[in-house]
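# A structural walkthrough
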Amino acid sequence: MIEIASVLVVDDSAAQRMRTVALCRSLGAMQVLEAGDGEQALQQLAQARPLPDLLVIDLEMPVMDGIELIQQLRVRRLHVPFIVASSREGALVSSVEVMARAQGLPVVAGVRKPLSRATLLDAFERCGQFNTPQREAPAPAAAIDAQRLAEAIAQGQIVPHYQPKLDIRTGLLRGAEVLARWTDAQLGMVAPDRFIPAAEKQGHIHALTMSILDQSLAQAARWNARGLKLSLAVNLSPRLLDDASLVDQICGLADRHGVAASQIVLEITESSVVTYLGEALGVLARLRMRGFGLSLDDYGTGFSSMQQLARIPFTELKIDRSFVHGAHRQDNLRVILQSALDMSRRLGLVTVAEGIETLEDWLLLQQFGCTVGQGWLIGKPMPAAELRPWLKTQQPRLNALRAPTAIGAA
Ligand code: C2E
Ligand code: MG
Ligand code: MG
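Residues numbered from 1 in each chain as written. Chains lettered and ligands numbered in written order. Predicted model: local features only at pLDDT ≥ 70, side-chain atom pairs only at ≥ 80, totals over all residues. Heavy atoms only, no water.

## A look at the pattern of salt bridges
Scanning the model with the defined rule gives 14 salt bridges in all. For the salt bridge of Lys113 with Asp11, the shortest nitrogen-to-oxygen distance reads 2.8 Å. Here Lys113 is found in the loop between strand S5 (107-112) and helix H5 (117-127), whereas its partner Asp11 is found in the loop between strand S1 (6-10) and helix H1 (14-26), with 102 residues between them in sequence. This pair shows no difference in class: Lys113 is buried, exactly as Asp11 is. By sharing partners, the salt bridges in this structure join Glu177, Glu267, Lys318 and Glu354 into a single network. (Salt bridge = Lys/Arg side-chain N within 4 Å of Asp/Glu carboxyl O. Helix = DSSP H or I, 4+ residues; strand = E, 2+ residues; numbered from the N terminus. Buried < 20%, exposed > 50% of the residue type's maximum accessible area, 1.4 Å probe, protein only.)

Laid out in structure tokens, this is it:
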């Protein structure tokens, strides 16, 4: 477990504060500071050296409320991970959580009060990812140079990593999502969230996608030859969907590597389908006719209507991780998750949940009948060479994830 040495609990209710303080102590926090509102919290933070490891922030407080305190943390560049807590409805907590995240603030979780030991423990464990030695807001990422990106693609420096996808009932490996990774000699490891938008803007996304497809199809053929038949999911940028020749290009690559279209799923993000509907429809329909699977990625973050889902020949619905991780402790997320799964089942779609980080996430999805799961609990994206050894060492752990009803059926 991550060591959380000091916590500052900000809450106007003395009773709630005492409860949270006691919980923090029971989880090993050596120093637990208290504040009755945002102003007091800022005073404490001005004096505290080092800064606390974690803040627990109540939303409704007199003088300065939790939202104002969060804004002040940003203005004063106080980079301390925090939990947002409130006894009000889950949607309120979620909206503040989303607001803080959108501003790049280190929000660990949004939780309902009264806090439980399990919730706090979960937050303590997730806190580590925000703790940097200097506790300063990260510098904005430098722009990606178009020339350098083009060279990296041409020289094959952007390579596919593979994140395992498991059958949620049986715990068996079903496939993997292909995720692009770029390690540059000067820039170091560049995240796809940085170079994909750059590639789209600079006109390199076609070359990048073809390179990733080419490499991953070659890999699929190698795995097939060794008896490891995995369904591979490749992300397609919406920018590609207005090019009618895309269908023949993708089919050509699959043929060249001797990989059946049915082994490939193409993931398209929800928002992109709305933006590019006219042109995209024809391309998607033809890809489907050729036998490729089509997945609606990041479901829940855009504006899909049922009608749209029925109109586009999707085979799979991929539920965004913001509805998956933490749904077990948030009523509103749980309801959305369950309805998405119900709807998907009725439409005859495979349901994939992404962002499964904890066993609680996994068990809830199992209970709700989700088909396939992906997330850090199962495994992080990894280079091709690591997948088979990973499977070998992790098999016992994965077996233990299968549902009791599936034992013997797998
Ligand atoms: P995505 O398609 O939604 O992929 C899932 C993202 O969630 C991946 O981020 C993955 O590493 C991350 N992830 C997986 N499990 C967990 C988990 O348990 N918790 C959390 N917090 N995150 C998890 P990654 O690899 O950074 O990719 C980000 C996005 O970049 C992808 O989102 C996808 O939209 C895009 N991308 C990646 N590779 C390609 C590509 O080859 N082509 C295109 N067009 N887009 C790509
Ligand atoms: Mg995806
Ligand atoms: Mg996604």
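Continuing now.
## Some details on the coordination of the magnesium ion (ligand 2)
For the magnesium ion (ligand 2), the protein coordination sphere consists of Glu177 (OE), Asn235 (OD1), Glu267 (OE) and Asp297 (OD), at 2.0 to 2.3 Å. Within one chain, the residues donating to the magnesium ion (ligand 2) are spaced in sequence as E-x57-N-x31-E-x29-D. In this structure Asn235 comes out as partly exposed when scored by relative accessible area, which is 29%. Using a relative accessible area of 5% as the deciding quantity, one classes Asp297 as buried. (Donors = N, O, S within 2.8 Å, 3.2 Å for Na, K, Ca; no water.)

## Let's talk about unusual backbone geometry
Of note, the bond from Arg49 into Pro50 is cis; its omega dihedral lies within 30 degrees of zero at -5°. Structurally, the position occupied by Pro50 is in the loop between helix H2 (38-47) and strand S3 (54-58). Residue Pro114 is reached from Lys113 by a cis peptide bond, and omega for that bond is -5°. Relative to the assigned elements, Pro114 resides in the loop between S5 and H5. At Arg77, a position not held by glycine, the phi torsion is positive, near 55°. Residue placement: Arg77 occurs in the loop between helix H3 (66-75) and strand S4 (82-86). Given a relative accessible area of 58%, Arg77 falls into the exposed group.

## Overview of the site of ligand 1
If you check the shell around ligand 1, you find 22 residues, and the closest are Arg181, Asn235, Arg321, Glu357 and Trp376. Here Ala180 contributes a backbone N or O atom positioned 3.1 Å from a nitrogen atom of ligand 1. Trp376 places a main-chain nitrogen or oxygen 2.8 Å from an oxygen atom of ligand 1. Expressed as a share of its isolated accessible area of 800 Å², the protein-covered part of ligand 1 is 86%. Contributions of two or more residues to the shell around ligand 1 are made by strand S7 (173-184), helix H7 (192-202) and strand S11 (293-299). If you tally residues by element for the shell around ligand 1, the top one is S7, at four residues. (Near = heavy atom within 4 Å. Polar contact = N/O pair within 3.5 Å; in protein donor to acceptor, adjacent residues only side chain to side chain. Areas by Shrake-Rupley, 256 points an atom, 1.4 Å probe, with all protein chains shown as cover.)

## Description of the sheet that holds S1
Hydrogen bonds between backbone atoms are what pair the strands of a sheet, whose relative direction is either parallel or antiparallel. Read across the open sheet, the five strands follow the order S2-S1-S3-S4-S5; overall the sheet is parallel. Looking along the sheet, the strands with just one partner apiece sit at the ends: strand S2 (31-35) and S5. Between one strand axis and the next, the sheet turns by 15° as a mean value, whatever way the strands run. In this structure, S1 lies alongside S2, joined through five bridges in parallel fashion. Of the residues in S2, the one forming a bridge with Leu8 is Leu33. Relative to S2, H1 is tilted by about 165°, and along the sheet it contacts S1, S2 and S3. Where H5 meets the sheet, its contacts fall on S1, S3, S4 and S5, and the angle it forms with S5 comes to roughly 170°. (Pairing = 2+ DSSP bridges. Axes fitted to C-alpha atoms, helices over the stretch in contact; angles between N-to-C directions. Contact = heavy atoms within 4.5 Å.)

## Things to note about the environment of Gly171
Note that Gly171 resides in the loop between strand S6 (158-167) and S7. For Gly171 and Leu398, which are 227 residues apart along the polypeptide, the C-alpha to C-alpha distance reads 5.6 Å. With near-sequence residues (within four places) excluded, Gly171 lies in contact with Leu166, Leu398 and Arg402.

## A look at the environment of Trp390
Structurally, Trp390 can be placed in helix H15 (residues 384-399). Residue Trp390 is classed as buried on the basis of its relative accessible area, which comes to 12%. C-alpha separation for the pair Trp390 and Gly379, spaced 11 residues apart in sequence, amounts to 8.7 Å. Aside from chain neighbours lying at most four places away, what touches Trp390 is Pro164, Leu173, Ile378, Gly379, Met382 and Leu398.

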